[in-house]
Amino acid sequence: MTAADFLGSAGFDPVLLDQYGPSLLRGLRTTLALVAISVPLGFALALPLAFVRVEGGPLLRAAATGFTGFFRGTPLLAQLFLLYYGAAQFHGALQAAGVWWMFRDAFWCAILTFTLNTASYQAEILRGAAQAIPAGQIEAGRALGFGQFGIYRAIVGPQALILALRPLGNELILMIKASSLASVVTVVDLMGASKRAFSGSLDFEVYLWAALIYLALVEIVRRIWNALERRMTRHLRTA
Amino acid sequence: MSEALASLAYGPDGWGDELLSGLWLTVRLALTALPFGLGIGLGVALLKDSRSWTGRLFGEAYTTVFRGLPELLTIFIVYFGAPRLLSASVAWTERLTGREPSGFAAAVDGFTAGVVALALVFGAFSSEVFLGAIRGVPGSQREAAESLGLSRFATFRLVILPQVWRLALPGLTNNWLVMLKDTSLVSVIALAELMRQSDVAARATHEPFLFYLVACLLYLGLSGLSTAGALWLERRAGRSFASAARQG
């Protein structure tokens, strides 16, 4: 029994599944690519952002606060439109800077927007986690002769990451859901593929397939993350 | 640049009035969804806290589905699915009662679909907040109420509920800020809220950067106002606790 037969026996329309199933799976691949590229890039950007917010001088701190405040306070859809459609007005300058390819292509523009957006949320998570580490530990580190970088690498960093693990997992799930917005700027991700399938077939069932796939995706990530957290905190458990 | 700024003017030559009407619709959308979302959230939280396993199962399933689905997909499912569901249930009722099929075809407008979708999502996230708040009220208070002879319902209404509000407020504020931003997604079903109006203006004037930036700033303003309002509410809700906290 093939997967299509199985789903067919579960009440799904096998003809529809045959026609649109493959394009939905291709869409799922694009969704996974959007998330798998932008979330790690966002993390790499969040580390310096969080560091500046905790340790930076007044000017740098204000800049980082303004950056994260903007991306956390406005809708992702508005940010996406601002960068994708708004960039067209600065075509010449962006081309001269050699980055026009990124703004011209909807997929890469979505990656850029998602990265900046998730970096802001992740920076806020990391900042909160870093500031939750008791000041006494930092003083102790200084007394032991650690430099600023050493304190973060050896004392604050590892503990803050454990504190940040659960909220970072939530952020990953939020980004899986948010990646569906890429479909509004013509990217054919899972959401985009189901929209196409719906306008092709006018059968509402395709949205329910997409819903099941998203729910499965979120559930899988949630379980993986729980396992990861259990493993990374195993030294904290008593008995 | 001055020409671009002129396009923001209020009146027939500028887009200022269109943007403001979009902003007003955005606010109405969120404010209409809020009471429904709060009701769903509290109801689902009570189900998850209930003694019956079917209630708990339903509560957990509801939360899993509406927290896990992308909001955009929820909007589409409500917008395209709700009319089908309505028509089907009308046809089913007619068949059941043995009446002639009327061929009734329901239609759901963008505003209603947006409010329903936003309330469903807000309810799912808020049920977790309410559940935490209900469990945050010390168990000894329930025992005290029981020993005073209060029924379970009276205990909930007179003892638990007044305190739930204070405990849930910070979490609900967070969910409100998320919903405010999520209203922008309703623009995809052609409702002329702030995002949609900015989009129309951006296309008509060929000034996309300006108009999307203005939209962003208006959303920032709404968030800022909400945060200030929430702080005020939190101070009010916690005013009977302020003196105790200061002494402790």
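On a predicted model such as this, the values are computed, not experimentally measured, just so you know.

What follows concerns the overall build of chain B. Secondary structure assignment for chain B yields ten helices and zero strands. Put simply, chain B runs from its N terminus to its C terminus through helices and strands in the order α-α-α-α-α-α-α-α-α-α. A compact globule built from 248 residues should have a C-alpha radius of gyration of about 18 Å, whereas chain B, at 23 Å, is more than 25% larger. Evaluated residue by residue, chain B yields a buried proportion of 44% over its 248 residues. By sequence separation, contacts in chain B at least 24 residues apart represent 73% of the contacts at least 6 residues apart. Summing over all exposed atoms, chain B offers an accessible surface of approximately 13,100 Å²; the carbon and sulfur share of this is 64%.

Residue and element names in this part refer to chain B. Within the UniProt annotation, "transmembrane region" (unreviewed entry) is assigned to residues 23-47, 68-91, 111-134 and 209-233. Structurally, residues 68-91 is divided into 92% helix and 0% strand, and its ends, taken at the C-alpha atoms, are 31 Å apart. The distance separating the terminal C-alpha atoms of residues 111-134 is 32 Å; by composition the span is 100% helix and 0% strand.

Moving on, we come to the UniProt feature "domain: ABC transmembrane type-1" (unreviewed entry) in chain B. When the UniProt feature table is mapped onto this chain, "domain: ABC transmembrane type-1" (unreviewed entry) is found at residues 23-223 of chain B. Helix makes up 81% of residues 23-223 of chain B and strand makes up 0%, while its end C-alpha atoms are separated by 13 Å.

Turning next to the UniProt feature "domain: ABC transmembrane type-1" (unreviewed entry) in chain A. As annotated by UniProt and renumbered to match this structure, "domain: ABC transmembrane type-1" (unreviewed entry) occupies residues 28-225 of chain A. Annotated as 82% helix and 0% strand, the span residues 28-225 of chain A places its first and last C-alpha atoms 20 Å apart.

Applying the stated criterion to the full structure yields 18 aromatic pairs over all chains. Where F198(A) meets F80(B), the ring centres are 4.6 Å apart and the plane angle is 45 degrees; that geometry is what we call tilted. Of this pair, F198(A) sits in helix α10 (residues 190-201) while F80(B) is found in helix α4 (residues 71-96), placing the two residues in two different chains. Relative accessible area serves as the criterion here: at 7%, F198(A) is assigned to the buried category. On the basis of relative accessibility, which here comes to 24%, the residue F80(B) falls in the partly exposed class. Centre to centre, the rings of Y62(B) and F66(B) are 4.9 Å apart; their planes meet at 45 degrees, and the pair counts as tilted. Separated by four residues within a single helix, Y62(B) and F66(B) lie in helix α3 (residues 53-68), roughly one turn from each other. What makes F66(B) buried here is its relative accessible area of 17%. Through a chain of ring-to-ring contacts, the aromatic side chains of F198(A), F204(A), Y207(A), F76(B), Y79(B) and F80(B) assemble into a single cluster. Here the basic side chain of R67(B) rests over the ring of F125(B), its NZ or CZ set 5.9 Å away from the ring centre.

The next point concerns a positive patch on the surface. A surface patch of positive charge is lined by R230(A), R231(A), R234(A) and R237(A). One can find R234(A) in the segment after α11 (205-232).

The rules behind each value
Residues numbered from 1 in each chain as written. Chains lettered and ligands numbered in written order. Predicted model: local features only at pLDDT ≥ 70, side-chain atom pairs only at ≥ 80, totals over all residues. Heavy atoms only, no water. Helix = DSSP H or I, 4+ residues; strand = E, 2+ residues; numbered from the N terminus. Rg over C-alpha atoms; globule rule 2.2 N^0.38 Å. Buried < 20%, exposed > 50% of the residue type's maximum accessible area, 1.4 Å probe, protein only. Contact = heavy atoms within 4.5 Å. Areas by Shrake-Rupley, 256 points an atom, 1.4 Å probe, with all protein chains shown as cover. UniProt positions renumbered as here; feature names shortened; annotations may be inferred. Phe/Tyr/Trp six-rings, centres within 6.5 Å; stacked < 30°, edge-to-face > 60°. Lys NZ or Arg CZ within 6 Å of the ring centre and 35° of its normal. Patch = residues over 30% accessible without salt bridge, like charges linked within 9 Å, V, L, I, M, F, W, Y side chains within 5 Å. Salt bridge = Lys/Arg side-chain N within 4 Å of Asp/Glu carboxyl O. Lys, Arg positive; Asp, Glu negative; His and termini not counted. Charge placed at Lys NZ, Arg CZ, Asp CG, Glu CD.

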